[in-house]
Amino acid sequence: MIWIWLIAVLVMIALFFYAIWRVVKIRQNAQTTEYDIACAGNFEPGTPETKRFISESLTFLDKNGKVLDVAQFERYIVSGESMRLCGIHNNDLLLAEKYLSNSSIAPLEPAILIILRTNAKQGEAKYKVRRSWNFCAVDVNDWWTQSLQEIVQSPAFQKLRMQKIYVGDDELIRDFEKERLPRFREQYPNAEKEKASVIISTTLDTKSNKIHFSIHPVSEIVGIVKYAYTVQKGS
């Protein structure tokens, strides 16, 4: 009889703790949602495709204090600190509109874009986030020369030039021609022949603490970031 009583008590205790675990699990799932990760900077091996994050019950406001309908936006979680010069940090939540062929982005004005990582492996982060400055047609020799000059001389770019870590216009352009352009041509060998449209963006290399340009085909843009929120500190 004692053994039967003990077994019954143990079963009841196990059922009690299982019920608590279920309630906690259901509550966690109700409060969090899985979002795509967008890499800010070089891809770090092991960065997953998605991250379960934040409560759906949180309210987000625009700059005028109006409540946003978050469901109307594509949502991404930032991984990395290469966008910190424009106020975007690791684990920030980005709300983006889908980029369409008729989407409007003003030339020589910074825009935060979500770009497809075409070399992503299964289970890895599929997107990256960059600050773009100009669209450019790859249709003439030295197609980048005029565009880079327009960027560094544009009024909006002057804030970046004032940063202590800014290496100077000449060094930035030299790095573009010696490092970024050969990589672009290797990854997209037909781009110049096909006269593709590209964007020129900047990013911060967090390892060297230097700003540099990067090049991406317009065809790989998937979103235009409209809002960024810091929701959770840490990694």
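Residues numbered from 1 in each chain as written. Predicted model: local features only at pLDDT ≥ 70, side-chain atom pairs only at ≥ 80, totals over all residues. Heavy atoms only, no water.

Here asparagine 91, not a glycine, exhibits a phi torsion of approximately 75 degrees, which is positive. Position of asparagine 91 among the secondary structure elements: in the loop between β3 (74–79) and β4 (93–98). A positive phi is found at lysine 195, a non-glycine position, where the angle reads about 55 degrees. Relative to the elements of secondary structure, lysine 195 occurs in the loop between α4 (169–187) and β7 (197–205). (Helix = DSSP H or I, 4+ residues; strand = E, 2+ residues; numbered from the N terminus.)

Bringing the side chain of serine 214 into the picture now. Within the secondary structure layout, serine 214 lies in strand β8 (residues 210–217). Serine 214 sits in the buried class, given a relative accessible area of 9%. Among the polar contacts listed, one links the side chain of serine 214 to the side chain of serine 201, at a separation of 2.5 Å. Those residues within four positions of serine 214 in sequence are excluded, and the remaining contacts are Arg130, Ile199, Ile200 and Ser201. (Buried < 20%, exposed > 50% of the residue type's maximum accessible area, 1.4 Å probe, protein only. Polar contact = N/O pair within 3.5 Å; in protein donor to acceptor, adjacent residues only side chain to side chain. Contact = heavy atoms within 4.5 Å.)

In this model, the protein chain carries an average pLDDT of 83, and 82% of its residues clear a pLDDT of 70 or more. Strand β5 (residues 111–116) holds the highest mean pLDDT among the elements of the protein chain, 95, whereas helix α1 (residues 2–31) holds the lowest, 48. Confidence over residues 15–30 falls short of pLDDT 50; this stretch has one contact with residues more than four positions distant or in other chains. (pLDDT = per-residue confidence, 0-100.)

A separate point is the packing of aromatic side chains. Evaluation of the coordinates by the stated rule reveals twelve aromatic pairs. Note on phenylalanine 157 and tyrosine 166: the rings are 6.0 Å apart at their centroids and 75 degrees apart in plane angle, and the pair reads as edge-to-face. Note on accessibility: phenylalanine 157 and tyrosine 166 belong to one class, buried. Among the aromatic residues, ring-to-ring pairing joins Trp133, Trp143, Trp144, Phe157, Tyr166, Phe176, Phe184, Tyr188 and Phe213 into one connected group. (Phe/Tyr/Trp six-rings, centres within 6.5 Å; stacked < 30°, edge-to-face > 60°.)

Turning our attention to the environment of alanine 228. Relative to the helices and strands, alanine 228 is located in strand β9 (residues 221–229). Each C-alpha atom of the pair alanine 228 and valine 78 lies 9.7 Å from the other, and the pair is 150 residues apart in sequence. Ignoring any residue separated from it by four or fewer positions in sequence, one finds alanine 228 in contact with Ile88, Leu93 and Leu94.

What follows concerns the pattern of salt bridges. Evaluation of the coordinates by the stated rule reveals seven salt bridges. In this structure, arginine 174 and glutamate 171 form a salt bridge, with 3.1 Å as the shortest nitrogen-oxygen distance. You can see arginine 174 and its partner glutamate 171 sitting in helix α4, three residues apart, about one turn around the helix. We note a salt bridge from aspartate 175 to arginine 180, for which the minimum N-O separation is 2.7 Å. In this structure, aspartate 175 and arginine 180 share a single accessibility class: buried. (Salt bridge = Lys/Arg side-chain N within 4 Å of Asp/Glu carboxyl O.)

So, on to the nonpolar core. Counting 24 residues, the largest nonpolar core has Trp143, Leu148, Phe157, Phe176 and Phe213 as its most contacted members. Breaking this core down by element, the ones donating at least two residues are β6 (127–137), α2 (143–153), α4, β7 and β8. For tryptophan 143, the residues in contact, after removing those within four places along its chain, are Cys136, Ala137, Val138, Phe176, Leu181, Phe184, Glu192, Val198 and Ile215. Counting 13 residues, the second largest nonpolar core, distinct from the first, contains Ala38, Ala40, Tyr76 and Met83. (Core = buried A, V, L, I, M, F, W, Y, C linked by side-chain atoms within 4.5 Å.)

So, about α2. Counting along an α-helix, one turn takes 3.6 residues, and residues three or four places apart therefore face a common direction. Buried within α2 we find Trp143, Trp144, Ser147, Leu148, Ile151 and Val152. Within α2, the buried residues cover an arc of 125 degrees as seen down the axis, which keeps them to one side. For α2, the secondary structure elements touched by its buried residues are β6, α3 (158–161), α4, β7 and β8. (Arc of directions from axis to C-beta.)

The subject of this paragraph is the pairing of β7. A regular strand places its side chains so that they alternate between the two faces of the sheet. Within β7, seven of the nine residues are buried, which leaves it mostly tucked inside the rest of the structure. Where β6 lies against β7, six bridges are found, and the strand directions are antiparallel. By the bridge assignment, alanine 137 is partnered in β7 with serine 197. In this sheet, β8 lies alongside β7 in antiparallel orientation, the contact comprising eight bridges. Each residue of the ladder has a partner; that of isoleucine 199, found in β8, is histidine 216. Following β7, the chain reverses through four residues before pairing antiparallel with β8; asparagine 209 in that reversal takes a positive phi of roughly 60 degrees. (Pairing = 2+ DSSP bridges.)

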